[in-house]
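Take a look at the letters that make up each chain.
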Amino acid sequence: MEYHRQLGVSRPQFESLLDGFEHREFRDLEYRHLPDYRSSLDRGTVLIEGDVVAGFPKIPRTLILAEGVPRYFDGELAVEEKLNGYNVRVASVADDRILAFTRSGIVCPFTTHKVKAMLDGLDAFFDDHPELQLCGEIYGPENPYTDHEYPDVDSLAFAAFDVRDRASGDPLPIAKRKDLCRQYDFPEVPFHGVFTPEEAVDALPDLLDELDAEGREGIVMKALDDTQYLKYTTSAANQDDLAHAFDLPFDYGQAFLFRRIIREGFQAIEWEEDEATRRERAHDLGESILLPMLDTIEDVQGGETVGEEHTVRAPSDVIDDLLAHLEGMGLHLRIDEDREADGERVVTFVKETRATNDKIDAYLDGQIVRE
Ligand code: ATP
Ligand code: MG
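Residues numbered from 1 in each chain as written. Chains lettered and ligands numbered in written order. Predicted model: local features only at pLDDT ≥ 70, side-chain atom pairs only at ≥ 80, totals over all residues. Heavy atoms only, no water.

A. Representation of the site of ligand 1. Neighbouring residues of ligand 1: 18 residues in total, closest Y37, K82, R103, E137 and K231. Side-chain polar atom of R43 to an oxygen atom of ligand 1: 3.4 Å apart, as the coordinates give it. The side chain of N87 places a nitrogen or oxygen atom 2.9 Å from an oxygen atom of ligand 1. Calculation on ligand 1 without its partners gives an accessible area of 610 Å², and the protein chains cover 84% of this total. Broken down by secondary-structure element, the contributors of at least two residues to the shell around ligand 1 are β5 (77-82), β11 (218-223) and β12 (229-233). (Near = heavy atom within 4 Å. Polar contact = N/O pair within 3.5 Å; in protein donor to acceptor, adjacent residues only side chain to side chain. Areas by Shrake-Rupley, 256 points an atom, 1.4 Å probe, with all protein chains shown as cover. Helix = DSSP H or I, 4+ residues; strand = E, 2+ residues; numbered from the N terminus.)

B. Summary view of a nonpolar patch on the surface. A contiguous nonpolar patch, built from F191, V194 and L224 and spanning about 220 Å² of accessible area, is present on the exposed surface. Topologically, F191 is positioned in strand β10 (residues 191-195). (Patch = residues over 30% accessible without salt bridge, like charges linked within 9 Å, V, L, I, M, F, W, Y side chains within 5 Å. Salt bridge = Lys/Arg side-chain N within 4 Å of Asp/Glu carboxyl O.)

C. Layout of empty space enclosed by the protein. Per the counting criterion, the structure on display carries one cavity of 30 Å³ or more. Considering only enclosed or pocket space, the largest cavity measures out at about 40 Å³ in volume. What lines the largest cavity is simply R61, T62, L63, Y232, T233, N238, R263 and Q267. Here the residues of the lining of the largest cavity sort into two nonpolar, four polar and two charged. (1 Å grid on protein atoms, 1.4 Å probe; cavity = no way out; pocket = protein on both sides within 12 Å on 5 of 7 lines; lining within 4 Å. Points joined across faces, edges and corners; volume = space filled by probe spheres on them. Nonpolar A, V, L, I, M, F, W, Y, C, P; charged D, E, K, R; others polar.)

D. Structural detail: helix α7 (residues 197-213). In this model, α7 (17 residues) spans 24 Å end to end at C-alpha, consistent with the 24 Å of a helix rising 1.5 Å per residue. Along α7, the helix axis deviates most sharply at A203, where the bend reaches about 40°; the proline P205 sits within four residues downstream. Inspection of α7 places P197, A200, L204, L207, L208 and L211 among the buried residues, and these make up the whole buried set. Phi turns positive, to about 70°, at G215, one or two residues after α7. (Expected span 1.5 Å × (residues − 1). Bend = angle between axes of the 7 residues up to and from the residue. Buried < 20%, exposed > 50% of the residue type's maximum accessible area, 1.4 Å probe, protein only.)

E. Seen up close, the sheet that holds strand β2 (residues 29-33). Strand order in the open sheet formed by four strands is β1-β2-β3-β4, with antiparallel pairing between adjacent strands. Looking at the sheet topology across the chains shown, the edges are occupied by β1 (22-26) and β4 (51-53). Averaged over neighbouring strand pairs, the angle between their axes works out to 25° when direction is ignored. Of the strand pairs in this sheet, β1 and β2 are connected by five bridges, and their pairing is antiparallel. (Pairing = 2+ DSSP bridges. Axes fitted to C-alpha atoms, helices over the stretch in contact; angles between N-to-C directions.)

F. Representation of the side chain of R345 in the model. In this structure, R345 sits in strand β15 (residues 344-352). Polar side-chain contacts of R345 include one of 3.0 Å to the side chain of D320. If we ignore the near neighbours within four places in the chain, the residues touching R345 are V312, R313, A314, S316, I319, D320, D338, R339 and E340. (Contact = heavy atoms within 4.5 Å.)

G. Structural context of the sheet that holds strand β7 (residues 97-102). Strand order across the open sheet formed by four strands is β7-β6-β8-β9, with antiparallel pairing between neighbours. Each having just a single partner strand, β7 and β9 (157-165) make up the two edges of the open sheet. Across this sheet, the average inter-strand angle for adjacent strands is 25°, counted without regard to direction. With six bridges joining them, strand β6 (residues 86-93) and β7 adopt antiparallel strand pairing.

H. Focus on the nonpolar core. Counting residues in each nonpolar core, the largest one holds 34 residues, and the members touching the most others are F110, L122, F125 and L134. Counting residues per element, this core draws most heavily on helix α11 (residues 316-328), at five residues. Split by domain, the residues of this core number at least three in each of domain 1 (3-233) and domain 3 (307-352). For F110, the contacting residues outside a window of four places in its chain are Y86, E142, N143, P144, L156, V312, R313, A314, V318 and L322. The next biggest cluster of nonpolar side chains, apart from the first, holds 16 residues, and it includes L65, A200, L208 and M221. (Core = buried A, V, L, I, M, F, W, Y, C linked by side-chain atoms within 4.5 Å. Domains from an automatic or database assignment.)

I. Fine view of the pairing of β2. Alternating residues of β2 divide into L29, Y31 and H33, all buried, and E30 and R32, none buried. Hairpin remark: β1 followed by β2, antiparallel, with two residues in the connecting loop; positive phi at R27, about 50°. Here β2 pairs with strand β3 (residues 46-48) via three bridges, running antiparallel. Opposite Y31, over in β3, you have I48 as the bridge partner.

J. Layout of the layout of surface pockets. In this structure, the second largest pocket encloses a volume near 300 Å³. What lines the second largest pocket is a set of 16 residues, and nearest its centre among them are D212, S235, Q267, E273 and R281. Put simply, the parts of the chain that give the lining of the second largest pocket at least two residues each are α7, β12, α8 (235-247) and α10 (275-301). Looking at the lining of the second largest pocket residue by residue, the classes come out as four nonpolar, six polar and six charged.

K. Layout of the environment of S316. Considering the arrangement of structural elements, one finds S316 in helix α11. Each C-alpha atom of the pair S316 and E344 lies 6.5 Å from the other, and the pair is 28 residues apart in sequence. At 3.0 Å, the side chain of S316 forms a polar contact with the side chain of R345.

L. View of the packing of helix α9 (residues 254-270) against α10. Remark: α9 packs on α10, axes separated minimally by 11 Å, with the N-to-C direction vectors making an angle of 165°. The angle between the axes of α9 and α10 places the two elements in the roughly antiparallel class. Here α9 and α10 pass one another in a crossing that is right-handed. Only R278, R281, L285 and I289 of α10 make contact with α9, whose side of the interface consists of I261, E264, Q267, A268 and I269. Class assignment for the residues of the contact of α9 with α10 results in five nonpolar, one polar and three charged. (Parallel < 35°, antiparallel > 145°, perpendicular 65-115°, else oblique. Left-handed = near helix turned anticlockwise from the far one by under 90°.)

Put into structure tokens, the structure is as follows:
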């Protein structure tokens, strides 16, 4: 079927949407993907050899649970843990090739290898359901994009959170997704139950307290037919993000930082924190902003080039593909360690970020700022 029909738009509409797509190659395949939110299509939409892979929708957020949850959901909702890793959509396209796409619709050679290695049921799933896509989070310390630790994950793990129609992106109801995941042995995100909105408002503070104490990211609430989503994050996650961003202060957008500080503010109000608890939150927030920045300034002062460090573990050719892939995306990599372990290659590399290095150097040299 033609692309515009699969996407559910007219031909002229499709032609005007094409402007937002970028061309890429993966091995012998050429494809196009939509890297941002500019159009009516979801970010990450892919066009590949006549097949469409729908993008993943942006999940809205509430800052006040007690008001936002009843306002957003009419009926029962499922509560799942929000895992802190990266979004992946797995689909069978271009003559039955199983590929893994990251959030913006890029085929990742590392992730494509890993989902096949981690999910034994993948071939059977796509033999039976070539029209579906499997959506999940890849998380754990050894990946090239994020670095949140989980106590039960040494290297890398996958957890499914959605099964959707590949081309339209229409989700299957949660119960159906769970059946399929059981059938094909796909791990799923931790499930915390089904609630009415009122029950959820009662139950969520304790759940979020527990997740927060364990340094976990938060929750995603979903209508049972999976058509409505709402997210909420823990203070641990907000502060973790801030620490991360202030590790490379000039490489993150200021809006990214501001939004996380605002979340902390509304959470403190909703939780009705007393004076002592407010001070503690303020103290922790200040530490997460200032301490990483001081370390970074000192590192640059000492002559180091700073950036985001990642470790990955995979067969040697997969690592070669990954590093070439990242460099092809314009990243500047420095390899800090490259070794063999149990028949695989383990590489630690740094994505060197220009803005932070240059600005800190300039400021340390006494560059005058007019602001
Ligand atoms: P975007 O919405 O564009 O992905 P973002 O960085 O704002 O950008 P997040 O705040 O991380 O995204 O929230 C949405 C992401 O949460 C999803 O894209 C998905 O990768 C991840 N996620 C983790 N756990 C779940 C879950 N249980 N259900 C749905 N999504 C989940
Ligand atoms: Mg995320």
